[in-house]
Amino acid sequence: MYFLSDIEHKYLLNQLLPLAREVGVSNELRGWSWYQPPLKPYYGDVKLPMYAVASQYCPTGRDVYLRNVEGVHPKPGVRVALGKIFHGVVSDCLQCFLQQRPADFEGWWQSIRWGEIPGSPEELREPSLRLWEFVSKLCEAKLAEVASRQPYASQYDVVASALPFLVEHKISGELLGLSGVLSVDCYDYLRAIMFDLKVADEQEKWHRLSPVGYAMVFESVHEVPIDVCCVVYLSVKDGRVRMRKDLFFAGDELRQWWIEERDRKLEIVAESKDPGKPERSRCEESCMFFHACYE
């Protein structure tokens, strides 16, 4: 899932990394500069989750106002259910291999708390199984490849080399005005790539904000520079897993955009400012707050 193909690896080595070395990232936009502008949060008492800052499903950001100021409860739909399940499949299956436990789909499926997921088990089981098998096969192939090249490596070393991932890594975003209980989808610690998983068909420019934000949070806590990010687009259709990646340089422009979004949404909450409803034509009925605006 988070493995780079041969083409993607060539793109990383021959274009993105040289670009990052040549252009660089301004020091004031690195996460470790959290204590000074422009990274220092102006509203220190407000903390937001990453999805509130990076999401632009609502054109005006009124979803942030409704949830955090008015206390309106969202009504998640099928898209949210699919996203939750697929994120769980990928992270939990990977964790089985990282922790050297049996990758048992049936056991995992029985452990799901369906009261927390707005979806039908009957509709979600088949695509979840297909995705679990897909991730398992990728991991098994990578482990076999590394083990064949390093016959004297311990099992721990094989896993660390074949699957160099921090999956659902818990980290605090408080230094940057975010929640203290963030979870990173995946960080590749050998190639220093921050990944974010999207269960979506259409690619949007703002999708890049999440991994860039997590990269800056990681820099603020661990003071490790992250120059490359990747959005992984995932879907399962007709029994087949479909996946593509948007691999990019996390430069100054994207970092500044993230900061602007963070400041705008922190202000909405801190000042209790209703940004207003978007035009009806720009809203999707699948929005979790559609009922609060137009019903």
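Please refer to the structure placed before this passage.
Residues numbered from 1 in each chain as written. Predicted model: local features only at pLDDT ≥ 70, side-chain atom pairs only at ≥ 80, totals over all residues. Heavy atoms only, no water.

Engineer: Just checking my understanding: could you explain the pattern of salt bridges for this structure?
Structural biologist: Pairing of side chains with opposite charge becomes possible as their charged atoms draw close. Scanning all chains against the criterion turns up 21 salt bridges. Here Glu219 and Arg30 are joined by a salt bridge, their closest N and O atoms 2.8 Å apart. Placement of the pair is Glu219 in helix α8 (residues 209-222) and Arg30 in the loop between α1 (6-23) and α2 (50-54), with a sequence separation of 189 residues. The two residues Glu219 and Arg30 agree in class, both being buried. (Salt bridge = Lys/Arg side-chain N within 4 Å of Asp/Glu carboxyl O. Helix = DSSP H or I, 4+ residues; strand = E, 2+ residues; numbered from the N terminus. Buried < 20%, exposed > 50% of the residue type's maximum accessible area, 1.4 Å probe, protein only.)

Engineer: How do you make sense of the nonpolar core when you look at a structure like this?
Structural biologist: A general feature of soluble globular proteins is that nonpolar side chains tend to end up buried together. Among the nonpolar cores identified, the biggest contains 48 residues, and Met1, Tyr2, Val90, Leu131 and Leu163 are the most heavily contacted of them. If you tally residues by element for this core, the top one is helix α4 (residues 78-98), at nine residues. In this structure, Leu163 is in contact with Phe3, Phe97, Leu98, Cys139, Leu143 and Tyr189, ignoring residues within four places of it in sequence. Membership of the second largest hydrophobic core comes to 37 residues, among which are Val46, Ala54, Tyr187 and Leu266. (Core = buried A, V, L, I, M, F, W, Y, C linked by side-chain atoms within 4.5 Å. Contact = heavy atoms within 4.5 Å.)

Engineer: So what exactly am I meant to see when it comes to the packing of aromatic side chains here?
Structural biologist: Scanning the entire structure with this criterion turns up 13 aromatic pairs. Pairing Phe105 with Trp108 gives two aromatic rings, centres 5.9 Å apart and planes at 40°, and the pair type is tilted. In this pair, Phe105 and Trp108 are both assigned in helix α5 (residues 105-110), three residues apart and thus about one turn of the helix distant. Residue class for Trp108 comes out buried when judged on its relative accessible area of 12%. Among the aromatic side chains, those forming a connected cluster through ring pairs are Tyr2, Phe3, Phe165 and Phe195. (Phe/Tyr/Trp six-rings, centres within 6.5 Å; stacked < 30°, edge-to-face > 60°.)

Engineer: I keep staring at the side chain of Ser33 and nothing clicks. Help me out?
Structural biologist: One can find Ser33 in the loop between α1 and α2. In this structure Ser33 comes out as buried when scored by relative accessible area, which is 1%. A distance of 2.8 Å separates a polar side-chain atom of Ser33 from the backbone oxygen of Asn27. Filtering out sequence-adjacent residues up to four positions away, Ser33 remains in contact with Asn27, Glu28 and Leu39. (Polar contact = N/O pair within 3.5 Å; in protein donor to acceptor, adjacent residues only side chain to side chain.)

Engineer: What's the story with the packing of α8 against helix α9 (residues 252-270) in this structure? I'm lost.
Structural biologist: Packed helices, taken two at a time, are described by their axes: the angle between them and the distance between them. Following both chains from N to C, one finds α8 and α9 inclined at 90°, their axes separated by 9 Å at the closest point. By the criterion of interaxial angle, the relationship of α8 to α9 is roughly perpendicular. Residues Leu209, Val212, Gly213, Met216 and Glu219 of α8 touch α9, and the partners they reach there are Leu254, Arg255, Trp257, Trp258, Ile259 and Glu261. Residues belonging to the contact of α8 with α9 are distributed by class as follows: seven nonpolar, one polar and three charged. (Axes fitted to C-alpha atoms, helices over the stretch in contact; angles between N-to-C directions. Parallel < 35°, antiparallel > 145°, perpendicular 65-115°, else oblique. Nonpolar A, V, L, I, M, F, W, Y, C, P; charged D, E, K, R; others polar.)

Engineer: For this particular structure, what's the right way to read the environment of Ser235?
Structural biologist: Relative to the assigned elements, Ser235 resides in strand β4 (residues 228-237). Spatially, the C-alpha atoms of Ser235 and Ala200 are 6.5 Å apart, while their sequence positions differ by 35 residues. If near-sequence neighbours (up to four positions away) are discounted, Ser235 is found in contact with Asp201, Arg240, Val241 and Arg242.

Engineer: What should I look at first to understand α9 in this one?
Structural biologist: One full turn of an α-helix is made of 3.6 residues, so residues set three or four places apart face in the same direction. For α9, with 19 residues, the first-to-last C-alpha span of 26 Å sits near the 27 Å given by 1.5 Å per residue. Listed in full, the buried residues belonging to α9 are Leu254, Arg255, Trp257, Trp258, Ile259, Glu261, Arg262, Lys265, Leu266, Ile268 and Val269. The inward-facing, buried residues of α9 abut α2, α3 (62-68), α8 and β5 (240-249). Ser272 occupies a position one or two residues after α9 and carries a positive phi of about 50°. (Expected span 1.5 Å × (residues − 1).)

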